[in-house]
Amino acid sequence: MIRTSQSGVFTKLGLVALLAFSAAGLSGCASAPKDPAAKAEFERENDPIEPFNRAMFAFNKQMDGMFLRPAAVIYKEALPGVVQDGIHNFLANLRSPVVLANDLLQGEMDRAGNTAGRFAINTTVGVLGVWDAAAYMGVEGHSEDFGQTFAVWGAGEGFYIVLPFLGPSNPRDALGLLTEWYVDPVNIIARNEDVEELILVRSVVTGVDFRARNLETIDEIERTSLDYYVAIRSLYRQRRMEEISNGRGTSDQPAPGISYEREKQEKPKDPSSARAQ
Amino acid sequence: MTPSPVLLRKFRALGAALLFSALFTWPTGAMQTGSAMGFVKDLSSTVLNQLTGTDISDSERVKRLRKLLVNHFDVPVVGKFVLGVYWRRTSKQQFDQFLKLYEIYVAHNYAGLFKKYHGETIDILREQPGGDDTTQVFGRINQVSGPPIALEMRVHKKDGTFKALDLKIEGVSMPLTHRKQFASVIGRSSNGVQGLIDALEKATSRFEAETPSQ
């Protein structure tokens, strides 16, 4: 049950998000291009609220530039690598009950055993998860979430949406995030003990840890992108497909060298015979 | 059931030994005549040897990458793919111009990512038919610290030689990401494909200016 005491910091965050949503919402929905080829691409992207999403993306980028990235740079430069690894391991271990629940809900018994074993070893031998003792023993970890579980159960991703502060998502994954927020045992304990600020602290540290670990990669993607928004949208969807399939392949995605019925009809075989219209 | 750590360690030691011996004994002609796995194994060891580390300048890394792309990737097929439905509207002259710029663009994209790697090894694990006479080769990059990174390469044979078509790292394909971005740039431009060529020209000029030669 949600207590009234949580209203403080979360209400403020909610208000900021609502304002950002409203401001972005003024820009309206995307209209399909008239050109048939461009229209077909537009429909495949399933991003009907692109203007809103781009506005939200710009808002998040602004927040990242003002707060998250500088914090990640300081975090990375000020703390020794071993401390950063310890924090990362601790946070990952704290999420183990959620990962385990999703392993079980997806019927992935081997992976559930792996998660349970890692949680037992790392919480004890690994001193509350700070040291990834299980990985040292050769048992690597993995991540799962409710969005992936809903996908395994057959739920489609739906349209693309950029959430304030949280970034790329879709209705299925957003529902997954909400579910996790409610059922995560750590959050339940924090709510029951009236220390809800801990949930926010954990979220912020998780965000800083993620940004710090991907500092150069994210900067490099931004630097080399012709359309950073589209690059992130594509990367998010590809990563999610990979995570949902647990690395068993994403063969239904378009790939170079593979013909598609639509393209076979539209294109001549030899590029040298193609000419501008 | 999770395999025991001892067993896993033995397998890893065996894998490392096999990789070590493969790296030093694999014939250089594997790229021309061997299996798809042999081609990828050879290409990946060339990439690790030539492109990682900080002992070469950024411009040299880009130069080497471009050479590897031209020699071992089927750039025209990848070029057609990244243009997607717009390829039909591209003149031969535009396509040639686009391919040259795309080579430079990709070389700069990958160069930044390879720069931070040093000391990694690559295991090539298996292959399977990928449809339309292509083969998918699966492997993993073993990091110095951190979990292994999944690697997948799609290849096909052209004139008796293997050529790479796609490289996925943790399920993410750079050509697919480029295809989405290029469609967006073309869709938003009043000049169609020429708008993309202009944007690529601008981006590659910026990359060249930003890349130190020392």
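Just so it is clear, the structure is predicted and the values come from calculations on it, not from any experiment.

Undergrad: When you look at the overall build of chain A in this model, what are you seeing that I'm missing?
TA: Counting secondary structure elements, chain A contains 14 helices and two strands. In chain A, 65% of the contacts between residues at least 6 apart in sequence involve partners at least 24 apart. Of the roughly 14500 Å² of accessible surface on chain A, a fraction of 66% belongs to carbon and sulfur atoms.

Undergrad: Any chance you could explain the nonpolar core here in plain terms?
TA: Side chains of a nonpolar character, in soluble globular proteins, are inclined to be buried together. In terms of nonpolar packing, the biggest core is built from 56 residues, with F98, Y102, M153, V155, F182 and L196 of chain B touching the most fellow members. For this core, the element with the highest residue contribution is helix α6 (residues 92–115) of chain B, accounting for eleven residues. Residue contacts for M153 of chain B: discarding those within four places in its chain leaves V40, L43, F73, T135, Q136, V137, A164, D166 and L167 of chain B. With 16 residues, the next largest nonpolar core counts I49, F52, F57 and L163 of chain A among its residues.

Undergrad: Before we go on, may I ask you to explain the confidence of the model for chain B in this structure?
TA: Parts of the prediction with low pLDDT should not have their coordinates interpreted in detail. Residues and elements named next belong to chain B. When pLDDT is averaged across chain B, the result is 83; 84% of the residues are at 70 or more. The low-confidence segment residues 1–33, where pLDDT is below 50, has 35 contacts with residues more than four positions distant or belonging to other chains. Listed scores for the predicted complex are pTM 0.83 and ipTM 0.81.

Undergrad: Can you help me understand the pattern of salt bridges in this one?
TA: Working definition: two side chains of opposite charge can pair if their charged atoms are close together. Within this structure, the stated rule accounts for 34 salt bridges over all chains. A salt bridge links R233 of chain A to D47 of chain A; its shortest N-O distance comes to 2.7 Å. Of this pair, R233 of chain A sits in helix α13 (residues 228–244) while D47 of chain A sits in the loop between α2 (36–45) and α3 (50–78); the two residues are 186 residues apart in sequence, bridging distant segments of the chain. For the pair formed by R233 of chain A and D47 of chain A, the shared burial category is buried. A salt bridge links E50 of chain A to R188 of chain B, with the shortest nitrogen-to-oxygen separation between them at 3.8 Å.

Undergrad: What exactly am I supposed to notice about empty space enclosed by the protein here?
TA: Empty space among the atoms becomes visible once a probe the size of a water molecule is rolled across them. Residues and elements named next belong to chain B. Within this structure, the stated rule accounts for three cavities of 30 Å³ or more. Its boundaries defined by the atoms lining it, the largest cavity holds a volume of some 130 Å³. Contributing to the lining of the largest cavity are 14 residues, with L69, F73, V78, Y102 and V106 lying nearest its centre. If you list the elements that add at least two residues to the lining of the largest cavity, you get α5 (75–83), α6, β4 (161–169) and α7 (174–188). At four residues, the largest contribution of residues to the lining of the largest cavity is made by α6. Grouping the constituent residues of the lining of the largest cavity by class yields eleven nonpolar, one polar and two charged.

Undergrad: How should helix α12 (residues 215–224) of chain A be read in this particular structure?
TA: The α-helix advances 3.6 residues per turn, and as a result positions three or four apart in sequence lie on the same side. Of all the residues in α12 of chain A, the buried ones are L215, I218, E220 and T224 of chain A. Tucked inside the fold, the buried residues of α12 of chain A contact α3, α11 (197–213) and α13 of chain A together with α6 and α8 (193–210) of chain B.

Undergrad: Got a minute to help me understand the interface of chain A and chain B in this structure?
TA: Accessible area lost when the parts come together is the quantity often used to give the size of an interface. Contacts between the two partners involve 51 residues from chain A and, on the opposite side, 60 residues from chain B. Interface area for chain A against chain B, summed over the two sides, is near 4800 Å², with a carbon-plus-sulfur share of 54%. Here chain A and chain B share four salt bridges between them. A salt bridge links R239 of chain A to E170 of chain B; the nearest nitrogen and oxygen atoms lie 3.4 Å apart. Inspection of the chain A/chain B interface yields ten residue pairs in polar contact (both at pLDDT 80 or more). Mapped onto the side of chain A that touches chain B, the elements with two or more residues apiece are α2, α3, α6 (109–124), α12, α13 and α14 (261–266) of chain A. By residue number, the principal contributor to the side of chain A that touches chain B is α13 of chain A, which donates seven residues.

Undergrad: Explain the sheet that holds strand β2 (residues 134–142) of chain B here, please?
TA: All names here are of chain B. The sheet built from five strands is open, its strands ordered β1-β2-β3-β4-β5 with antiparallel pairing. If you trace the sheet from one side to the other, it starts and ends with β1 (121–131) and β5 (172–173), each paired once. Bridge analysis of β1 against β2 gives nine bridges, and the strand direction is antiparallel. Bridge pairing in β2 places D123 opposite R140. Set on the sheet, helix α3 (residues 36–51) makes contact with β1, β2, β3 (149–158) and β4; between it and β1 the angle comes to about 140°.

Undergrad: Explanation requested: the packing of α3 of chain A against α13 of chain A in the structure shown.
TA: Residue and element names in this part refer to chain A. The N-to-C vectors of α3 and α13 enclose an angle of 95°; their axes lie 11 Å apart at closest approach. What the angle tells us is that α3 and α13 run roughly perpendicular. Residues E50, N53, R54, F57 and K61 of α3 form the contact with α13, whose own contacting residues are Y228, Y229, V230, I232 and R233. Tallied by class, residues from the contact of α3 with α13 come to five nonpolar, one polar and four charged.

Undergrad: Whenever I open this one, the side chain of R172 of chain A confuses me. Can you help?
TA: Residues and elements named next belong to chain A. Checked against the element boundaries, R172 lands in helix α9 (residues 171–183). From its side chain, R172 meets the backbone oxygen of A155 in a polar contact 3.4 Å long. In contact with R172, not counting residues within four places along its chain, are G147, F150, A151, A155, G156, E157 and I244.

Undergrad: Explain a nonpolar patch on the surface to me, please; I cannot follow it from the model alone.
TA: Residues and elements named next belong to chain A. Taken together, F90, V127, L128 and V130 make up a surface patch of nonpolar side chains, about 360 Å² in accessible area. Here L128 is to be found in the loop between α6 and α7 (133–136). By relative accessible area, which is 56% here, L128 ends up exposed.

Undergrad: Would you explain the environment of Q143 of chain B in this entry?
TA: All names here are of chain B. For Q143, the location among the structural elements is in the loop between β2 and β3. By relative accessible area, Q143 is classed as partly exposed at 27%. Once residues within four sequence positions are removed from consideration, Q143 is found in contact with E120 and I149. At 2.7 Å, the side chain of Q143 forms a polar contact with the backbone oxygen of P147.

Here is what the cut-offs are and how they apply
Residues numbered from 1 in each chain as written. Chains lettered and ligands numbered in written order. Predicted model: local features only at pLDDT ≥ 70, side-chain atom pairs only at ≥ 80, totals over all residues. Heavy atoms only, no water. Helix = DSSP H or I, 4+ residues; strand = E, 2+ residues; numbered from the N terminus. Contact = heavy atoms within 4.5 Å. Areas by Shrake-Rupley, 256 points an atom, 1.4 Å probe, with all protein chains shown as cover. Core = buried A, V, L, I, M, F, W, Y, C linked by side-chain atoms within 4.5 Å. Buried < 20%, exposed > 50% of the residue type's maximum accessible area, 1.4 Å probe, protein only. pLDDT = per-residue confidence, 0-100. Salt bridge = Lys/Arg side-chain N within 4 Å of Asp/Glu carboxyl O. 1 Å grid on protein atoms, 1.4 Å probe; cavity = no way out; pocket = protein on both sides within 12 Å on 5 of 7 lines; lining within 4 Å. Points joined across faces, edges and corners; volume = space filled by probe spheres on them. Nonpolar A, V, L, I, M, F, W, Y, C, P; charged D, E, K, R; others polar. Buried area = accessible area lost by both parts, 1.4 Å probe. Polar contact = N/O pair within 3.5 Å; in protein donor to acceptor, adjacent residues only side chain to side chain. Pairing = 2+ DSSP bridges. Axes fitted to C-alpha atoms, helices over the stretch in contact; angles between N-to-C directions. Parallel < 35°, antiparallel > 145°, perpendicular 65-115°, else oblique. Patch = residues over 30% accessible without salt bridge, like charges linked within 9 Å, V, L, I, M, F, W, Y side chains within 5 Å.

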